[in-house]
Amino acid sequence: MAECSGLQFVSPYAFEAMQKVDVVRLAALSDPELRLLLPCLVRMALCAPADQSQSWAQDKKLILRLLSGVEAVNSIVALLSVDFHALEQDANKEQQLRHKLGGGSGESILVSQLQHGLTLEFEHSDSPRRLRLVLSELLAIMNKVLESNGEFFFKSSELFESPVYLEEAADVLCILQAELPSLLPIVDVAEALLHVKNGAWFLCLLVANVPDSFNEVCRGLIKNGERQDEESLGGRRRTEALRHLCKMNLSQALRIRGMVVEECHLPGLGVALTLDHTKNESSDDGVSDLVCFVSGLLLGTNAKVRTWFGTFIRNGQQRKKENISSVLWQMRRQLLLELMVILPTVRSTHVVEEADMEPHVSVYSGLKEEHVVKASALLRLYCALMGIAGLKPTDEEAEQLLQLMTSRPPATPAGVRFVSLSFCMLLAFSTLVSTPEQEQLMVMWLGWMIKEEAYFESISGVSASFGEMLLLVAMYFHSSQLSAIIDLVCSTLGMKIVIKPNSLSRMKTIFTQEIFTEQVVTAHAVRVPVTGNLGANITGFLPIHCIYQLLRSRSFTKHKVSIKDWIYRQLCETTTPLHPQLLPLIDVYINSILTPASKSNPEATNQPITEQEILNVFQGLTGGENSRVNQRYSITTQLLVLYYVLSYEEALLANTKTLAAMQKKPKSYSSALMDQIPIKYLIRQAQGLQQELGGLHSALLRLLATNYPHLCIVDDWICEEQITGTDALLRRMLLTATAKNHSSKQLQEAFSMLPGNHTQVMQILEHLTLLSAGELIQYAEVLTSNMSQLLNIGVPRRILQTVNKLWMVLNTVMPRRLWVMTVNALQPSVKIVRQQKYTQNDLMIDPLIVLRCDQRVHRCPPLMDITLHMLNGYLLASKAYLSSHLKETAEQDMRPSQNTMGLEAPEVSREELKNALLAAQDSAAVQILLEICLPTEEEKAQGSNSHSLLKKIQSAAGLPSQGLEEEEDSLLCNLREVQCLICCLLHQMYIADPNIVKLVHFQGYPSELLSLTVAGIPSMHICLDFIPELIAQPELEKQIFAIQLLSYLCIQYALPKSLSVARLAINVMGTLLTVLTQSKRYAFFMPTLPCLVSFCQAFPPLYDDIMSLLIQIGQVCASDVATQTRDFDPIITRLQQLKEKPSEQSGLGKDSFSKSGLKNRGSTDPDVQLCHCIERTIIEIINMSVSGV
C-alpha cells in the first residue's frame, strides 16, 4: 500500500493516550494528530457517559476545552445530530433490494438522483446526505466482498481516493461504525477497507477511534487471510494493513505474531512484525528475536507450522520480481547483517601462509566469547532454513557462513558446542565449499580441530569434546557407514534433514586420504584418555563411542593395535547411572577376542583381560557393611567386569566348534578365579541398583541362569526377600553395640565350651541373627567348622535352628564357598582324621558326596535341611558343569568323525551319555534319600517298645488301646521331620524332571515307603501315566511293586484315570493267575491281594470284579490242594457263601474265622496260606463296604 505513504498515521503515543483516555497526553498532541482522533473525542464529549465520577467530569471538561478550538468539530457534531434510526432502516431496505436484484447496480434508497460524481456530491451535501453517501458506498463494497468467495478484487472509489476529503470521509466512517455497530460490524468494515485505495489509513483511523477493538480486528483479518500472503495482491495489502496497525500499537505486535502462527496464515506478516520488533529492540550481544522466532517455527514440535513456514521460504525464492521489496529478502538481509556483525574482524585472506606460522600463533582472530552462543544459534537457523525449508544460499551468504563456520571460538563449553555444530554443518551442506581456496580453508580448520581438541577438553571441562566426533566420523567414513554419519549429524544439529549420501563423497576422500587414514585413526584412538567417572549423565560423543565403532570394524586387530588396556581402564572409571554404551562395548570386545578378523589370519584377535587384572577389581571385597569404603573400584566396575567374565565364558562355549575348526583355542578363565569372585553378593548389590544400572542386572541374571543355575534357586530368592524386607529393618533397630562387638574368636571359644555350657553359644548366635548378610561373612568359617559338634546328644534344638537360620542368611551372599566348607565340616570323623578336603570341582563332578556325611545328620532336621539345600544346588551345578564340559571337548570327536559316519553322530552319542549320567546321578540321589526315610533297627525297636509299654499302661488304667496320644508320639519325632524335608525336595525334583519319577519307580524301592511317598510327595500322581507300562514288565517284582503303588495312588487320587488303571491291574492279576506256577502264584498274590481292599475302598464299582477274582484264585488254589487231600472243600464252600451272602458275615472280624474250620490251618502249604489270605481279604472288603454304608 504505497498509496498511503504520504498520509499521516496515528502515532503509538496518540493510540496509547486513547486506550487509557489520558487527557493530559491528548492535550499534548499536535493539531494534525488530534484531528485524526476527533470522531471519538467528540462522541465522548457529547454522549451521556456511564462513568458519573467526579474525576471523569473533570476530564470531560478538559476534552471540551481541547475541542473548542478545532474547527472540524462542528461538522462532526452535525454528523452526530442525524436520525441514525431512520438511516439504519433505509440501509436495511437497500440491502434487501440489492439482495432481490442479485447485487446489481439498481436504484438506491440511501442515495437517489446523483447529479455529479461521488466527490462533488460529497462536497455539496449536508451531513445526513454525507452519511448516506459513505454508507451506500461501504455497503456496496461489503456486499461485493461476500459475493467474491475469497477472491481478492480492488474497488476504485472516488470517495476514498480524493486526498481533499479523506479526513471528512474518515470522520463519517468512524461515526457510522460507532452509531450503527449491528449494521456495520467493525471486522467486516475492516475487511472491506482492504479493497479500496488508502484502506490501511482508514482502517488505522477507525481502530484508533475504537481502541478496544484492536485485537478483534486483527484476529478477524488474520483468520480471513491467505496461508501464503506474499503470493497475491490481497495478501500483501492485508499484511501491510496489519503491519500499520501493529506500528500504532507496538505492545501488541508480538501477540498478533502469535495469532499468525496459531492460524498458520500470513507468514510474511509474522516475519515483518519480527523485523519491526528487531529494529526497535536494543542491540545487544544476545540472540536476536528474529533468529529465535524463525528457529522456533522450523525446529519446533508442530509439524503443521514447520510445513507452512517452509512453503513460505520455498515460494519466496521462486519469485523473481519485486525480490528486494519482499519480506523474505528483508529477513535474509537482516540475518546476513547479524552474521557479519559477529564475524572476526581481523582475518587474513592468504590462508596458505598459515603453515609458516608458529603452532600457537594464528592469523585467524577467534570469535569473541560473548558472540559464541549467538553464532551457534545462527548456524542452527541456517541449517534449518537450508535443510528443512529448502533455502538456497546466495554466494554472499555461503561465503559468510563458511567464514563463520571456520572461525575459532574460545575454549569454553559453548565453544565446543559451536565447533561441533560447524563441523556437522560442513558435513550436511558440503555445497558451501565450492572453490579450491575454500576447500583448503576447510582442511586447515579441520587440522586445527585435531590439534586443539585436547586443549579444549582440558580447559573447558567438557568430557564430550569435538575430538571424539571427528574420530567417530573418520571411522564411519573408513567403514563406508554413511547413514551412520547422517544420523550423527542430524542428532548433533537437533533436526531431521535430508542429506544425500553421494554429497559426502568429497568429504570422505578428504577424511580417509588427507586427514585420518585408518591406521592414524586406530593409533590415535588408543591414546585418547578414558572418560573419568563415565556415567549416563555424561552426554554427547565420547571416546567410548569411537572405540566401540573401531572394535566393530575390527580396525585394532587389522593394524595390530592393542586395545585391552584402554578398555580395562575405562571399565575401572565408571559410575552410576550406567552409560548405555558400556554393555555393547563389552560384547563387541569379547567378539573381537574370540572371532578372528579374517579366516586367512586366525591370529588377528584382541587380547583378553588377564586374571590378575580381574582379581584386582575384586580385591578386598568381603561383603561387609564397611567394605565398600575401602574399595578402590566402584560397584559399577565390579559388576561390569563380572558381566565381562560371564559373557566371555558363555561366548567361548558357544563358539567352540567354530574355533576348533580354525584350530584356535582361546584361553578360558580358571575355576579358581571364578571361585574368588563373590557372584551372589554382587548380584544382590545390583538388585538394589536396578534403576541406575539399566539392563545390566537382567543381563547378569540371564548369564547366571544359563551358567550357574545353582545360584538361581527359587527358594534362595524367596529367602532373600525375607532377609531384605521390613523384618531386616526392625532387626537393625534392635541391633545393640554388644551384638556388633562379638568376634569370630569369641564364637569359637563359646563352641569349645559346648558339651557343658550352651548358654554362651546361644546368646552369641541370637545376637548374630540381628546382623546383615554381609556382616555375617566373617563368622562363616567358625559356624561351619563347628557343625559336627552340634550332632552330639544334648544340644538344644534352639541352637540347631539358629545355626540353620544363620546358614541360610549366609547362603544369600557366599553360597559356593559356604557349601564347600559345610560339606567338609559334616564329613564322618574317620574322613576328618584323614584330612580329606573336597573342593568345589569335586562336588560338581560328584554331587552325591554331600550325602556321604555323618550318619547323625540324617536324624538332625535343621542340619538335614542344609544338606538337602546343598544337594539340590550341586545337582543343578553338575548339570551345568557337564554341559559346559561337553561343549569344551567337542573338538575331540571332530577328527575321527570325518572318516567314519559324519559330524553329528559322535555329538549325539556324547549328549546321550551325558543325559544317562545325569539321570543315574539324580536317581541315585533319590534312592539314597528314600533309604534315609526308612527307620533304623534301633528306631523300630524303640517304636515297638514304646507302643507295647503304652498299651500295657492303657489296659491297666482301663483306657482304649488306640488313641490320639500314640499317633502324636509317632509324628513328633526327628524321623518324621526328616521325611517331610526329603519329600519336599523330591517333589521339586519330580516337577523339574518327570523322567526321574519314572526311572526311580522302574528301579523300585521298599514297599513300606509307598504310604510315605504317595502321601508326602504331591507330584506322585505322575506315576499314573506309566503304571500300565510298569505292570507290563516281565519281572514279577516290578509287577507287584506297580500294583502296590497303584493301591496307594487310588486312595490318594480317586480319579477316572486311577479307575481305568485299577481295572487294568485287576485284569492283569486275572491273566497272571492262569499262567503262573504254584510258587510264583504264591509270591505274586500274597503281597498284592491286600491291594484289592484299597481298590474297593476307592472305587466301589470294582466290587464284583474283585470278588470274582478272589473266588477264582481260591478255586485254583483249592484244586491244587484237592489233589493231595479231600478235607479242603469246606473252605471253598465258605468262600462261596461269603460272596453270595456277605451281609450275614459282616460282623466277622479278622480273626473270627480262624477259630473255626479245619485243623490244618497252620499248614505250610502255599496254596493253603493263599486261601487264608483270600479269606481275610474278602472279610476286610465286606467290613469296609458295610461300615462305609
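The protein is annotated in an unreviewed UniProt entry as Integrator complex subunit 2 from Pelusios castaneus. What UniProt records for the protein under Sequence similarities (unreviewed entry) is the sentence "Belongs to the Integrator subunit 2 family." Note on the protein: under the UniProt heading Subcellular location (unreviewed entry), the record states "Nucleus".

**Structural notes on the overall build of the protein**
Counting its regular elements, the protein contains 65 helices and zero strands. For the protein, buried positions account for 51% of its 1189 residues. Surface accessibility of the protein: about 55000 Å² in total, with carbon and sulfur atoms responsible for 53%.

**A word on the packing of aromatic side chains**
Per the stated rule, a full pass over the model turns up 16 aromatic pairs. Ring geometry for W445 versus W448: centroids 6.5 Å apart, planes at 25 degrees, classification stacked. Taken together, the residues W445 and W448, both in helix α24 (residues 436-460) and three residues apart, mark about one turn of the helix. Grouping residues by exposure puts W445 and W448 together as buried.

**Things to note about the side chain of T406**
With respect to the element layout, T406 can be found in the loop between α22 (395-405) and α23 (413-428). A relative accessible area of 1% places T406 in the buried class. Separated by 2.7 Å, the side chain of T406 and the backbone oxygen of L402 make a polar contact.

**Overview of the environment of R569**
Considering the arrangement of structural elements, one finds R569 in helix α31 (residues 564-572). Note on R569: relative accessible area 40%, which makes it partly exposed. Put simply, R569 and G532 are 37 residues apart on the chain and 9.6 Å apart in space, counted from C-alpha to C-alpha. Excluding residues that lie within four positions of it along the chain, R569 makes contacts with V526 and V530.

**Remarks on the nonpolar core**
Here is a general trend for soluble globular proteins: nonpolar side chains tend to be buried in one another's company. Within the largest apolar cluster, 376 residues are counted, with the highest numbers of intra-cluster contacts made by L245, Y644 and F1095. The greatest single-element share of this core, amounting to twelve residues, is contributed by helix α34 (residues 635-654). Excluding residues that lie within four positions of it along the chain, F1095 makes contacts with I1043, L1046, S1047, C1050, A1062, A1065, I1066, L1102 and I1106.

**What about the packing of helix α21 (residues 372-387) against α23?**
Running from N to C, α21 and α23 point in directions that differ by 25 degrees, and their axes come no closer than 9 Å. The angle between α21 and α23 falls in the class roughly parallel. Considering the relative orientation of α21 and α23, their crossing is left-handed. Counted together, V372, V373, A375, S376, L379, R380, Y382, C383 and M386 of α21 and A414, G415, R417, F418, L421, S422 and M425 of α23 form the full contact between these two elements. Looking at side-chain class alone, the contact of α21 with α23 contains eleven nonpolar, three polar and two charged residues.

**Description of the side chain of T867**
Counting through the fold element by element, T867 comes out in helix α51 (residues 861-888). Within the structure, T867 has its side chain in polar contact with the backbone oxygen of L863 (distance 2.9 Å). Excluding anything up to four places from it in sequence, T867 contacts L826, V850, L851 and V857.

**Things to note about helix α7 (residues 84-100)**
Turn by turn, an α-helix covers 3.6 residues, leaving residues three or four places apart pointing in a common direction. Compared with the 24 Å implied by 1.5 Å per residue over 17 residues, the 24 Å span of α7 between its first and last C-alpha is a close match. Within the sequence span of α7, burial applies to F84, L87, D90, A91, E94 and R98. Taken around the axis of α7, the buried residues stretch over an arc of 120 degrees, which confines them to a single face. Relative to its buried face, α7 has exposed residues pointing more than 90 degrees away, namely H85, Q96, H99 and K100. Residues of α7 that are buried make contact with α6 (72-80), α9 (127-147) and α11 (166-179). Measuring from the side-chain oxygen of the N-cap residue of α7 to the backbone nitrogen of H85 gives 3.2 Å; that N-cap residue is D83.

**Focus: the pattern of salt bridges**
Taken as a whole, this structure holds 28 salt bridges when the rule is applied. A salt bridge links R219 to E263; the shortest N-O distance between them is 3.9 Å. Of the two residues, R219 is situated in helix α14 (residues 214-223) and E263 in helix α16 (residues 253-263); the sequence distance between them amounts to 44 residues. Assessed through its relative accessible area of 30%, R219 is described here as partly exposed. Where R238 meets E226, a salt bridge forms, and the shortest distance between an N and an O atom there is 3.6 Å. Here the residue R238 occupies a position in helix α15 (residues 233-248), and E226 occupies one in the loop between α14 and α15, the gap between them amounting to twelve residues. In this structure R238 comes out as buried when scored by relative accessible area, which is 5%.

Rules used in this analysis
- Residues numbered from 1 in each chain as written.
- Predicted model: local features only at pLDDT ≥ 70, side-chain atom pairs only at ≥ 80, totals over all residues.
- Heavy atoms only, no water.
- UniProt positions renumbered as here; feature names shortened; annotations may be inferred.
- Helix = DSSP H or I, 4+ residues; strand = E, 2+ residues; numbered from the N terminus.
- Buried < 20%, exposed > 50% of the residue type's maximum accessible area, 1.4 Å probe, protein only.
- Areas by Shrake-Rupley, 256 points an atom, 1.4 Å probe, with all protein chains shown as cover.
- Phe/Tyr/Trp six-rings, centres within 6.5 Å; stacked < 30°, edge-to-face > 60°.
- Polar contact = N/O pair within 3.5 Å; in protein donor to acceptor, adjacent residues only side chain to side chain.
- Contact = heavy atoms within 4.5 Å.
- Core = buried A, V, L, I, M, F, W, Y, C linked by side-chain atoms within 4.5 Å.
- Axes fitted to C-alpha atoms, helices over the stretch in contact; angles between N-to-C directions.
- Parallel < 35°, antiparallel > 145°, perpendicular 65-115°, else oblique.
- Left-handed = near helix turned anticlockwise from the far one by under 90°.
- Nonpolar A, V, L, I, M, F, W, Y, C, P; charged D, E, K, R; others polar.
- Expected span 1.5 Å × (residues − 1).
- Arc of directions from axis to C-beta.
- Salt bridge = Lys/Arg side-chain N within 4 Å of Asp/Glu carboxyl O.

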